[in-house]
Amino acid sequence: EGVNLPVEVWRVVLAYLPLPELGRCSLVCRAWRELILSLDNTRWRQLCLGLPECPRHPNWPSRPHLEPSSWREALRQHAIASRTWSRHAHPELQPSACLHLFRRRKERRVWQVGSGLELETLRGALGVAGSYDRVVLHPGVYEEQAELVLKVPVEVVGLGRLGDVALLVSLEQQCPTARLSNLVFMPAWFSTVVYKTSSGHVQLDNCNFEGAQLQIRGPGTCHARFCSFSQGSSTHFLGVALSLLDSCDFSGSDSASVTVEGAPATERNWACKHLAALARITTSWTSPGSGSPAGDTLGGHSGATQPPEATITLEDWSKGETESRRRGGGGGGEEGVCQDTVIDDGWSDSAPSDEEEEEEEGKGEEGSGQGNNSLNYRLAHSHHGLSHLLRPNQDVSPDFPSLTPEVRTLTEELQRDPGAQALIETVQGCVLRRCLFRDGKGGVHVCNHGNARLEGNVFRALTYAVRCIQNATIVMLRNEVCECRASGVFLRLSSQGLIADNNIHSNGEAGLDIRKGADPIILCNRIHSGLRSGIVVLGNGRGSIRSNQIYNNKEAGVYILFNGNPVVSGNHIFQGQAAGIAVNENGRGVIVENVIRENQWGGADIRRGGDPVLRNNYICHGYSDGVVVGERGRGLIEGNHIYSNKGCGVWLMSSSLPQLLGNYITHNRMYGLAVFCRKDPDGGGTREGGQEGGGRGGGQENFHEEGELLAWEGDLDSEDERLSARRSISTALVEGNCISRNGAVGLYVKSSEPLNVVANLVNGNRGAGVAVLQSGQLTRLVANCVHGNGRGGVTVERECRVELRGNGVYDNGGHGVSFRGDGQVVENDVVGNRGYGIRTCSSAPPWVLENPPPRPLSDRPSSLPPSSSCHPSHFAISMTTRITATVESGCHNNGSIFCTIL
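- An unreviewed UniProt entry annotates the protein as F-box protein 10 originating from Oncorhynchus mykiss.

The structure is reproduced here in structure tokens:
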């Protein structure tokens, strides 16, 4: 009859069975096993939370609001861990092989200790206890005036609730193993160290440490579970090969809560193999925000919400600009990508000058008389040497990709990097899992060749979370680091390791601070909402920073200075309140294949000796310039897509010496590429709206104003070392770039330094193609294609030293070349422009043909009446615009010096 009972009734019946009976029932048959397993949220949960020696929630202390994936599995893991200490068999208990079948199990004695009992002191109980006996302490306070020594394996358990039994003792373990549970440790009057061991293994379950220190020295080991360390308590591991702190709570520390010091001891004790099995990782890797703990709302302190991953389209961008213009009311309903850009000297790239207006009116009157007889013949020029930079259907498809690369997952990164995979598999030392560090000074301090592994921990409201120095090695996986008063993770002095899949946010200083030769691997983290920079690399710090999401930081997403030299690749750096990447004060670095978007300042900002390699990045949708190279900035800027920024695509200060090679600079609201003087006469060093500090908000020049910068002072290298790292470049170079469809001038030059502009395509910009307003030293424009720009092709103002050689100037909306400066115009093709082919020095009197007079010359006497047949009115004056000319020392007022006009 019982077989036919409903499943619900069976579950009610089985809920009364103790744990051993449940195990026996699960062995009856498959149906019974499935029935037993279905009790996970009822009976198994009740058993797990009802353990007398450890009634903690499995996800205590960091995430007690989250249910475990399986209560039965949590109970099983607890049972395995609680028996680890007793898996060491004392030699006297090992029977010989021939007596294996006849061995008797040694019975463990239980000693009751307390007031009014046979044993009243802990010292007395430890004196009579045998190997693996159990000492039960009844509620009360047990204080010893001298150090106690554990000489035989023993288990000490507090009776009642946690806090009922308190020990004011100092224990030294000299036996192979011991276990202590449900106890409160407070320091004795003569020492703050309440427990120490240098050879054996100790297991601590559900204990509290108040103002006390736990000290483990290798080859000794420790396994602490569900313990609390408060009121300045700490743990100190010296030369430990392997120890495990699982689900512990650290609070109120006045120094580091956990210190790991010294290289792991080569000698191993018996417990290492068992702890290694407990510490083994079986979790499948997931990227942040997709189910991993680092992507969850950890303890209600997740900071900013996960930003949208969709890239803003060109249509959305243009629509937003149009709406903002209409709200401003200044455009009078005029539509367009941008407003006129007015320079401080009154020169406008969109509005024509008075002279140009008169010339346009004159040409309009002449053109109106020609009607349909105007010249329709065109010279083909589409096969020029830069035609490969022109993409098909440019009027429909923009010059930038519609989709930017996605961030790689941690699994993909580990497959690509065997070194990172090896760190995950080999680094152990002190292992901390699912711990909570809060409301104190320091979290984990690893130094002097120490090894530590941190998994799934929460660091909150500390001065710093993790500090790794002096050749130490650390592995951090799936932790949350938030609300630290200084930097979250701090690495220096040749430390190394792997920091992956963490959620690092809302810290007072940098999320990660890398200095003094530290060289970590930083993969797939979310680093966001910081009050300063996301990652800072300085003082010869290195590192590989890959596939991270760095966003919504108040200063630069990645800040490199003082000879910092990291590799920054495959990251998404976005929505920052300053620059995306800032390289200052002789910082270096290789910055490749990142997506840098929607930052308030420059996507990349290079100043004061910064000399990075910036290659194949997507720098887009910024609220200022795409790339800024400020005073004394250097670097190789190559193959980047710089588009849809509200300022300039690239903004250079003339005192900088960068190399811009093969970039696509398109669809920016202002200039494609702008070169400005170092200092203007009025003292303004930058264009209106420019910022002098790429990495910080104001005060950038003074590196000793704030606390973090004061600490950097000691990381400065000698001037000779910094200068030796620079490449010897004497002239800024702009070569092989596509500067297309920007809202103002394609290339704008107002410089006091030499500049080489070679083999660039300047195409389809709203203003002039190239405008040189000031050039105190020679600006060379060689082998460029200036094509289809809204106004003139090349404009050179007075007193500018410019050489135009071998360029193609085609189909521009104004004059092909308007040249008023000093220099040379040699071997250029100027074809199909709407205005003059070459227009020079409009301040001089108009040129006239006087000696000889205009051709054709007439032999008819002047007294004869004119005859219509004598006038070649039926001839059209055709003129190719392939012009070779030389202009030296300004313009000559006495006539044309053109070599040939056909």
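Structure's up, so let's keep going.
**A word on the overall build of the protein**
Moving on, step 1. For the protein, the count of helices and strands is 13 helices and 66 strands.
Moving on, step 2. For the protein, with 902 residues in total, the buried portion stands at 54%.
Moving on, step 3. Residue pairs at least 24 apart in sequence account for 52% of intrachain contacts in the protein once pairs closer than 6 positions are excluded.

**Let's talk about the nonpolar core**
Moving on, step 1. Ranked by internal contacts, the top residues of the largest apolar core, which has 119 residues, are L137 and V258.
Moving on, step 2. The leading source of residues in this core is strand β23 (residues 458-468), at 5 residues.
Moving on, step 3. Those residues within four positions of L137 in sequence are excluded, and the remaining contacts are V113, L122, Y142, V156, V157, G158, L159, V165, L167 and L183.

**As for the pattern of salt bridges**
Moving on, step 1. Within the structure shown, the criterion is met by 27 salt bridges.
Moving on, step 2. Linking R408 and E413 is a salt bridge whose minimum nitrogen-to-oxygen distance equals 3.9 Å.
Moving on, step 3. On the accessibility criterion, R408 (29% relative accessible area) is partly exposed.

**Details of the pairing of strand β22 (residues 451-455)**
Moving on, step 1. Across the 5 residues that make up β22, a large majority, 5, are buried.
Moving on, step 2. Across 4 bridges, the pairing between strand β20 (residues 429-433) and β22 is parallel. Residue pairing across strands places R433 opposite E455, the latter belonging to β22.
Moving on, step 3. Inspection of the sheet shows β22 paired to strand β24 (residues 473-477) by 5 bridges, in the parallel sense. Counterpart to E455 in the pairing with β24 is L477.

**Focus: the packing of aromatic side chains**
Moving on, step 1. By the definition in use, this model includes 12 aromatic pairs.
Moving on, step 2. Ring centres of W60 and F226 lie 6.5 Å apart, and the angle between their planes is 35°; on these two criteria the pair is classed as tilted. One end of the pair, W60, is in the loop between α4 (40-49) and α5 (71-82); the other, F226, is in the loop between β14 (221-225) and β15 (228-230), and 166 residues separate them in sequence. The residues W60 and F226 share a single accessibility class, namely buried.
Moving on, step 3. Judged by centre distance (5.4 Å) and plane angle (80°), the ring pair of W189 and F190 falls under edge-to-face.
Moving on, step 4. By relative accessible area, F190 is classed as partly exposed at 31%.
Moving on, step 5. Positioned over the ring face of F574 is R597, at 4.3 Å from the centre of the ring.

**A word on the packing of helix α1 (residues 7-14) against helix α3 (residues 30-37)**
Moving on, step 1. Put simply, α1 and α3 touch, their axes get as near as 10 Å, and they point 70° apart. Classified by the interaxial angle, the pair formed by α1 and α3 is roughly perpendicular. In the crossing of α1 with α3, the sense of the turn from one axis to the other is right-handed. Every residue of α3 that contacts α1 at V7, W10, R11 and L14 is listed here: W32, L35 and I36.
Moving on, step 2. Residues that form the contact of α1 with α3 fall into these classes: 6 nonpolar, no polar and 1 charged.

**Structural notes on the pairing of β23**
Moving on, step 1. Of all 11 residues in β23, 9 are buried, a share of seventy percent or more.
Moving on, step 2. When strand β21 (residues 436-447) meets β23, the two strands line up parallel, connected through 8 bridges. Opposite V446, over in β23, you have C468 as the bridge partner.
Moving on, step 3. Sheet topology note: the β23/strand β26 (residues 489-491) ladder contains 3 bridges and is parallel. Residue pairing across strands places V466 opposite V489, the latter belonging to β26.

**With respect to the state of the cysteines**
Moving on, step 1. All told, the structure shown has 0 disulfides when counted by the stated rule.
Moving on, step 2. Left unpaired, C482 is separated from the closest cysteine sulfur, that of C484, by 7.1 Å.
Moving on, step 3. With no disulfide of its own, C677 lies closest to C800 among cysteine sulfurs, the gap being 9.6 Å.
Moving on, step 4. According to the relative accessible area criterion, C677 is buried, its value standing at 4%.

**Details of unusual backbone geometry**
Moving on, step 1. Here G218 and P219 are connected by a cis peptide whose omega angle stands at 10°.
Moving on, step 2. With respect to the helices and strands, the residue P219 is situated in the loop between β13 (213-217) and β14.

**Side note on the confidence of the model for the protein**
Moving on, step 1. Counting all residues, the mean pLDDT for the protein is 78, and 72% of those residues have values of 70 or more.
Moving on, step 2. Residue range residues 361-375 is modelled with pLDDT below 50. Its contacts to residues more than four positions away, or to other chains, number 4 contacts.
Moving on, step 3. Per-residue pLDDT stays below 50 along residues 860-902; that stretch engages in 38 contacts with residues further than four places along the chain or on separate chains.

**With respect to the environment of E799**
Moving on, step 1. Tracing the sequence through the fold places E799 in the loop between β59 (794-796) and β60 (801-805).
Moving on, step 2. For the pair formed by E799 and G821, sequence separation is 22 residues and the distance between their alpha carbons is 4.9 Å.
Moving on, step 3. Those residues in contact with E799 that sit more than four places away from it in its chain are S775, R820 and G821.

**Focus: the environment of V831**
Moving on, step 1. Secondary-structure assignment places V831 in strand β64 (residues 828-831).
Moving on, step 2. Measuring from C-alpha to C-alpha, the distance between V831 and H381 comes to 8.2 Å, with 450 residues separating the pair along the chain.

Cut-offs and rules
Residues numbered from 1 in each chain as written. Predicted model: local features only at pLDDT ≥ 70, side-chain atom pairs only at ≥ 80, totals over all residues. Heavy atoms only, no water. Helix = DSSP H or I, 4+ residues; strand = E, 2+ residues; numbered from the N terminus. Buried < 20%, exposed > 50% of the residue type's maximum accessible area, 1.4 Å probe, protein only. Contact = heavy atoms within 4.5 Å. Core = buried A, V, L, I, M, F, W, Y, C linked by side-chain atoms within 4.5 Å. Salt bridge = Lys/Arg side-chain N within 4 Å of Asp/Glu carboxyl O. Pairing = 2+ DSSP bridges. Phe/Tyr/Trp six-rings, centres within 6.5 Å; stacked < 30°, edge-to-face > 60°. Lys NZ or Arg CZ within 6 Å of the ring centre and 35° of its normal. Axes fitted to C-alpha atoms, helices over the stretch in contact; angles between N-to-C directions. Parallel < 35°, antiparallel > 145°, perpendicular 65-115°, else oblique. Left-handed = near helix turned anticlockwise from the far one by under 90°. Nonpolar A, V, L, I, M, F, W, Y, C, P; charged D, E, K, R; others polar. Disulfide = S-S within 2.5 Å. pLDDT = per-residue confidence, 0-100.

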